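Okay, here's what each chain looks like letter by letter:
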Amino acid sequence: MRIGFEIHVQLRTESKLFCTCSTRYWEAGPNTHVCPVCLGLPGAKPLPVNEEAVKKALMVALALGMEVKDEVVFLRKHYFYPDLPSGYQRTSTPIAVNGRLGKVRIREIHIEEDPGRYELRSGLVDFNRSGVTLVEIVTEPDMESIEEAEEFLETLHQLLTYLDIVLNPSVVFRVDANISLEGGERVEVKNINSIEGVKRALKYEVLRQKRLLAMGKKVERETRHWDEARGVTVSLRTKETEEDYRYMPDPDIPPLKVTGEMVEEVRRSLPELPWERERRYVETFSIDPSTAHALIKEKELADFFEEHVQEISPKFWADFLSDRLRGELNYRGIRFSDVKDKKDGIFLVARAWHDGRITKEVAVELLRDLLDGKVEDVERAIQEAAAGVDEEKVVEEVLRDLPEVVEDYRKGKKNALNRLVGEVMKRTRGRANARRVKEILLRRLGG
Ligand SMILES: [Zn+2]
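Definitions and cut-offs
Residues numbered from 1 in each chain as written. Predicted model: local features only at pLDDT ≥ 70, side-chain atom pairs only at ≥ 80, totals over all residues. Heavy atoms only, no water. Helix = DSSP H or I, 4+ residues; strand = E, 2+ residues; numbered from the N terminus. Rg over C-alpha atoms; globule rule 2.2 N^0.38 Å. Areas by Shrake-Rupley, 256 points an atom, 1.4 Å probe, with all protein chains shown as cover. Phe/Tyr/Trp six-rings, centres within 6.5 Å; stacked < 30°, edge-to-face > 60°. Lys NZ or Arg CZ within 6 Å of the ring centre and 35° of its normal. Buried < 20%, exposed > 50% of the residue type's maximum accessible area, 1.4 Å probe, protein only. Contact = heavy atoms within 4.5 Å. Domains from an automatic or database assignment. Donors = N, O, S within 2.8 Å, 3.2 Å for Na, K, Ca; no water. Tetrahedral: all angles 85-135°; square planar, octahedral: opposite > 155°, others 65-115°. Core = buried A, V, L, I, M, F, W, Y, C linked by side-chain atoms within 4.5 Å. Arc of directions from axis to C-beta. Lys, Arg positive; Asp, Glu negative; His and termini not counted. Salt bridge = Lys/Arg side-chain N within 4 Å of Asp/Glu carboxyl O. Axes fitted to C-alpha atoms, helices over the stretch in contact; angles between N-to-C directions. Parallel < 35°, antiparallel > 145°, perpendicular 65-115°, else oblique. Left-handed = near helix turned anticlockwise from the far one by under 90°. Pairing = 2+ DSSP bridges. Right-handed = clockwise from strand over helix to strand, strands pointing away.

**Q** If you had to explain the overall build of the protein to someone new, which residues and values would you point to?
**A** If you tally the helices and strands in the protein, you get 15 helices and 16 strands. Scaling as 2.2 N^0.38, a compact globule of 447 residues should have a C-alpha radius of gyration of about 22 Å, whereas the protein reaches 29 Å, well beyond that. Once the C-alpha set of the protein is aligned to its principal axes, its extents read approximately 95 × 55 × 45 Å. For the protein, the computed accessible surface area is about 22900 Å², with 49% contributed by carbon and sulfur atoms.

The following block contains the structure:
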């Protein structure tokens, strides 16, 4: 099995690629962020390429370790669809080539204009999105399983978040996936909007193609559409070639010169990349590599770690976030960004556990209640939990109720102390602090 991707990312710029219209297409009524240029009206004269867009695309290129081209030409790619009134989409020659992300080679990246949005059912078109800058990332077909493909997309998603260049956080990228099985032709599935969608589309395609091959039929080279609602792919067209698009240089757009100074300026402006941050955590805070790796997966979680790392043991804090918190988030199928309004409470719970004010069991219970919206005032809940157990009293009861264990202890049976501690923990349903219970017991039993 061979899988490759073409990934489209909307770049965050103030204005569109060739005009001054706002890029925030989703915030306004349909067809309000438009002008003759991005509507593709005849005779409209586009502005030179948006420099901010070029810089953001270069950030992607450098983060992927690519060779930047010094001249980029804009081409017209012709096709007919209601979202494209001019009849062509402006797309650049590669701005950079030969990169890598993990084991996957990146063939090239381009800049292009996003078309408008056409609603197939209603027949309505909204051109607010038309002319927004896309960077297209083209990989080699280097992924050999759906798991590898998913891991690649997760890593790319993470990288794009760290670069902080994505226009609309609710649609980080749109993916065209190509897949070929042994003995079959390459099939491309267009326009999938999420990693989960890619996974489902690929699974569907593997089954469909395997079935065809098993019946002795051919898997033809074709382009298919992913129907998210029905969970199937549907044939769009077969035997499409590059010539069909009749690419030609756009006479309105002068070639873009990318100078060495420009590349260096962008290189200096690059933020810390995920793998650099991971290494820093291991070196600076002595966190083990797997914990650091889990911690940096979501940038906002890593930022939260750094916000409090001076107030708590870094190792404890890292474990709490990467293990406890992420476990609870995964269980609920959400990300840290979905609960970041609760982050003050999350830190209070971690610190109370760290300081021994509450037990691990109480901390976990509080964390769950907090995430599920069952606790309003976290500090009060911590105080109540901390004050709720009279450890002295429970120890006294246990000593009274289990004289034979006390006797065993006095005879020198080491295990007896653990049994007493265990009994106190059981009676307090885990709310007591085991270390303190042990201290109380030792004091009462005379050392
Ligand atoms: Zn415009």
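Next, the rest of the story.
**Q** Describe in detail the packing of aromatic side chains, supporting the description with residues and values.
**A** Applying the stated criterion across every chain yields a total of 14 aromatic pairs. Relative to W353, the ring of F316 lies with its centre 5.1 Å away and its plane at 75°, an arrangement referred to as edge-to-face. Remark: W353 occurs in helix α9 (residues 343-354) and F316 occurs in helix α8 (residues 314-332); sequence separation between them is 37 residues. Through a chain of ring-to-ring contacts, the aromatic side chains of F304, F316, W317, F320, F336, F347 and W353 assemble into a single cluster. Positioned over the ring face of Y245 is K77, at 4.5 Å from the centre of the ring. Above the ring of F18, the side-chain terminus of R90 is found at 5.2 Å from the ring centroid.

**Q** Describe the side chain of N178, naming the residues involved and giving the relevant values.
**A** Take N178: it is sitting in strand β11 (residues 174-180). With a relative accessible area of 5%, N178 lands in the buried category. With residues up to four places along the chain from it excluded, the contact list for N178 reads R2, I3, G4, F5, P141, R186, V187 and E188.

**Q** Summarise the domain arrangement of the protein; cite the residues concerned and give the values.
**A** What the domain assignment lists for the protein is domain 1 (2-172 + 241-268), domain 2 (272-387) and domain 3 (391-444). Between domain 1 and domain 3, the C-alpha centre-to-centre distance is 67 Å.

**Q** Tell me about the environment of A44, and please be specific about residues and values.
**A** Looking at where A44 falls in the secondary structure, it is placed in the loop between β1 (2-10) and α1 (51-63). A relative accessible area of 22% places A44 in the partly exposed class. Residues A44 and D252 lie 208 residues apart in sequence; the distance between their C-alpha atoms is 9.7 Å. The residues contacting A44, other than those within four sequence positions of it, are P36 and V37.

**Q** Account for the coordination of the zinc ion, naming residues and giving values.
**A** All of the protein donors around the zinc ion are C19 (SG), C21 (SG), C35 (SG) and C38 (SG); their distances to the metal are 2.3 to 2.4 Å. Around the zinc ion, the four donor atoms sit at angles spanning 103 to 113°, and that spread fits a shape best called tetrahedral. Positions of the donor residues of the zinc ion along the chain correspond to the pattern C-x1-C-x13-C-x2-C. One end of the pair, C19, is in the loop between β1 and α1; the other, C38, is in the loop between β1 and α1, and 19 residues separate them in sequence. Under the relative-accessibility criterion, C19 is labelled buried at 6%.

**Q** Kindly report on the nonpolar core, identifying the contributing residues and their values.
**A** In this structure, F5, I7, I109, F152 and F173 are the most contacted members of the largest nonpolar core, which totals 66 residues. A total of nine residues in this core trace back to one element, the largest contributor, which is α1. In contact with F173, not counting residues within four places along its chain, are I7, H8, V9, L153, L156, H157, L160, I192, N193 and I195.

**Q** So what about helix α15 (residues 434-444)? Which residues, and what values?
**A** Buried within α15 we find V437, I440 and L441. Buried residues of α15, viewed axially, fall in a sector of 100°; they line one side. In α15, the exposed residues that point more than 90 degrees away from the buried face are R435 and R443. On its buried face, α15 sits against α12 (391-401) and α14 (415-427).

**Q** Explain the side chain of E278 residue by residue, including any values.
**A** Tracing the backbone shows E278 in helix α5 (residues 274-285). In this structure E278 is buried but unpaired, with K297 as the nearest side chain of opposite charge at 8.9 Å. Look past the residues within four positions of E278 in its chain and what remains in contact with it is P289, A292, H293 and I296.

**Q** So, the packing of helix α2 (residues 146-163) against helix α3 (residues 195-214): which residues are in play, and what are the values?
**A** Between α2 and α3, the shortest axis-to-axis distance is 10 Å and the interhelical angle comes to 160°. With respect to each other, α2 and α3 are oriented roughly antiparallel. Along this stretch, α2 crosses α3, giving a crossing that reads as right-handed. Listed contacts from α3 to I146, A149, E150, L153, E154 and H157 of α2 are I195, V198, K199, L202, K203 and V206.

**Q** So, the environment of F285: which residues are in play, and what are the values?
**A** Relative to the assigned elements, F285 resides in helix α5. The buried category is assigned to F285, whose relative accessible area is 18%. For F285, the contacting residues outside a window of four places in its chain are R280, F305, V309 and P314.

**Q** Outline the pairing of strand β13 (residues 222-227), supporting the account with residue identities and numerical values.
**A** Every regular strand shows the same layout, with side chains that alternate between the two sheet faces. Across the six residues that make up β13, a large majority, five, are buried. Where strand β12 (residues 187-192) lies against β13, four bridges are found, and the strand directions are parallel. When the bridges of β13 are listed, V187 appears paired with E222. As a crossover connection, the stretch from β12 through α3 into β13 is left-handed. In terms of strand pairing, β13 meets strand β14 (residues 232-238) through six bridges, oriented antiparallel. Each residue of the ladder has a partner; that of E222, found in β14, is T238. Hairpin connection of β13 to β14: four residues between the antiparallel strands, including G231 at a positive phi of 70°.

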